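Listed below are the residues making up each chain.
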Amino acid sequence: MLWDLVADVGGTNMRLAVAVEGRIKEQQTFETTGQLHLTEAVRAFVDKVGSAPRYLEVAAAGVIQNGYVTLTNAGQQGFSESDLVVAAGAQKARILNDFEAAAWSLVTAEPDDLTQIQGELPAPLRTPPAPTQPRLIVGPGTGLGVGTLAWAGEQPEVLQGEGGHVRIAPHTIEEVDIFTKLAELWPETQMDENKCLALEAEAIVSGTGMPYLMKALELLNGREPTEMSARDIFDVARTDGNSLAVRAVDMFCHHLGAVAGDLALYISAYGGVFLTGGVLLKNEWIFKRPAFLAGFNQGGRHTKFRVNIPIYLYRNSNFGLQGAINAMTYDPTMK
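In short, a report on the structure.

Geometry of a packed helix pair, given as the angle between the helix axes and the separation of the axes. One can describe the packing of helix α4 (residues 174-185) onto helix α5 (residues 209-220) by two numbers: an axis separation of 9 Å at closest approach and a directional angle of 120°. As judged from the angle between their axes, α4 and α5 are oblique. α5 is crossed by α4, and the crossing has right-handed handedness. Facing α4, whose interface residues are D177, I178, K181, L182 and L185, α5 presents Y212, L213, K215, A216, L217, L219 and L220. Its residues placed into classes, the contact of α4 with α5 shows nine nonpolar, no polar and three charged.

Next comes the structure, spelled out in structure tokens:
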């Protein structure tokens with residue numbers, strides 16, 4: 001069997017899959033604990049398939065330098081493209097950033113993958129996929145992932161970047177004290193240490209940031225910090241059981257909307273903004289509240305452009321694996 005190996009490696013799990021003619025045929029999940037190295041998982045997976053893959057493409061949650069990646073949230077586990085070639089017996093291997101792969105998955109995003117938040121659902125794709133206007137993918141998880149898909153003629157291209165680290169600032173006078181307290185609790189996210197209120201977007205719009213935000217709200221309201229996790233905060237807010245949790249979730253949604261709207265305006269993302277990640281997919285109820293669309297569409301003189309940008313909740317649970325397949329498909333060096 002002629003096959004390629006694709007993998008999606010995050011801070012919790014690593015998923016490996018057989019790809020044949022652009023489709024996932026079988027897959028296996030391993031824990032990313034720092035005890036099991038990816039190369040060991042690759043060897044075990046290849047042994048199970050019974051033959052070596054042709055090529056290997058890995059989407060990894062970490063910073064890639066010269067074909068080597070260190071995983072951000074997996075005990076600083078690292079591996080190189082040459083390590084993967086040896087482990088798999090493949091002809092060639094390549095490592096992508098996880099949200100680079102996420103953006104590549106948008107090449108083949110279909111209406112069945114999407115839930116409409118704003119605008120109309122796109123028509124089903126032709127084969128090969130027809131060029132579209134630029135598409136933006138945004139996914140709050142442990143951090144905040146951002147990727148961009150654009151087309152150069154008939155060729156899709158992904159633009160790499162670190163959009164999750166753009167700045168956010170107080171939206172109202174009432175938020176000034178909250179941002180001040182957040183800067184005290186998590187000073188590393190300040191854009192300038194000299195009493196600057198602007199913070200990295202991840203200070204609020206991430207699973208890591210939410211507990212800091214909740215603690216800031218509790219301290220400002222004279223309450224003992226409850227040390228709730230991001231999951232706890234969303235669960236409590238859903239039942240309106242804690243007014244500060246509701247406030248935290250509304251701030252999360254508003255600033256997520258503002259960041260997504262700013263980035264969408266910058267690239268003219270009329271091909272759609274695709275929201276994904278476990279935080280959003282497990283908490284769809286937040287989009288029934290007005291905070292996200294208010295943040296996205298409030299654009300001053302450019303509000304009329306923002307309200308015409310389609311927004312979708314992107315439900316493809318295999319977007320990392322599919323993105324790795326798509327990247328390989330359109331890379332002339334992986335032929």
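So, on to the environment of R238. Along the chain, R238 turns up in helix α6 (residues 230-238). Considered as a pair, R238 and T29 are 209 residues apart in the sequence and their alpha carbons are 31 Å apart.

With that out of the way, let us pick up the sheet that holds strand β5 (residues 62-65). Read across the sheet, three strands follow the order β5-β6-β7 without closing on themselves; strand pairing throughout is antiparallel. One side of each edge strand has no neighbouring strand; the edge strands of this open sheet are β5 and β7 (78-80). Between one strand axis and the next, the sheet turns by 15° as a mean value, whatever way the strands run.

A full pass over the atoms with the stated rule returns 10 aromatic pairs. With a centroid separation of 6.3 Å and an interplanar angle of 55°, the aromatic rings of F99 and F319 are classed as tilted. Here F99 is found in helix α3 (residues 98-105), whereas its partner F319 is found in helix α11 (residues 319-329), with 220 residues between them in sequence. Each member of the pair, F99 as well as F319, is classed as buried. Taking 6.2 Å as the distance between ring centres and 15° as the angle between the ring planes, the aromatic pair formed by W104 and Y330 counts as stacked. With W104 in helix α3 and Y330 in the segment after α11, this residue pair connects regions lying 226 residues apart in the sequence.

Parameters at a glance
- In this convention, every chain numbers its residues from 1, walking through the sequence in written order.
- Only residues with pLDDT of at least 70 get local features here, since the model is predicted, and only at 80 or more are side-chain atom pairs given and counted; chain-wide, interface and lining totals rely on the full set of residues.
- In computing side-chain properties, one takes all heavy atoms of the structure into account and sets aside hydrogens as well as water.
- Interaxial angle, 0 to 180 degrees, is taken between N-to-C directions of lines fitted to C-alpha atoms, where a helix line uses only the stretch in contact.
- A helix here means a DSSP run of H or I that spans at least four residues, while a strand means a run of E at least two residues long, and both kinds are numbered starting from the N terminus.
- By definition in this entry, angles of less than 35 degrees are roughly parallel, angles greater than 145 are roughly antiparallel, angles of 65 to 115 are roughly perpendicular, and the rest are oblique.
- Crossing handedness is defined as follows: a turn of the near helix away from the far one that is anticlockwise and smaller than a right angle gives a left-handed crossing, while the clockwise case is right-handed.
- Residues count as neighbours in contact if any of their non-hydrogen atoms are within 4.5 Å of one another.
- Note on residue categories: nonpolar means Ala, Val, Leu, Ile, Met, Phe, Trp, Tyr, Cys or Pro, charged means Asp, Glu, Lys or Arg, and polar means any other residue, Gly included.
- We call two strands paired when DSSP finds no fewer than two bridges between them.
- Two rings from Phe, Tyr or Trp (for Trp, the six-membered ring) form a pair when their centres sit within 6.5 Å of each other. Planes less than 30 degrees apart are called stacked, planes more than 60 degrees apart edge-to-face, and all others tilted.
- Only protein chains enter the accessibility calculation, which uses a 1.4 Å probe. A residue is then buried if its area is under 20% of the maximum for its type, exposed if over 50%, and partly exposed in between.

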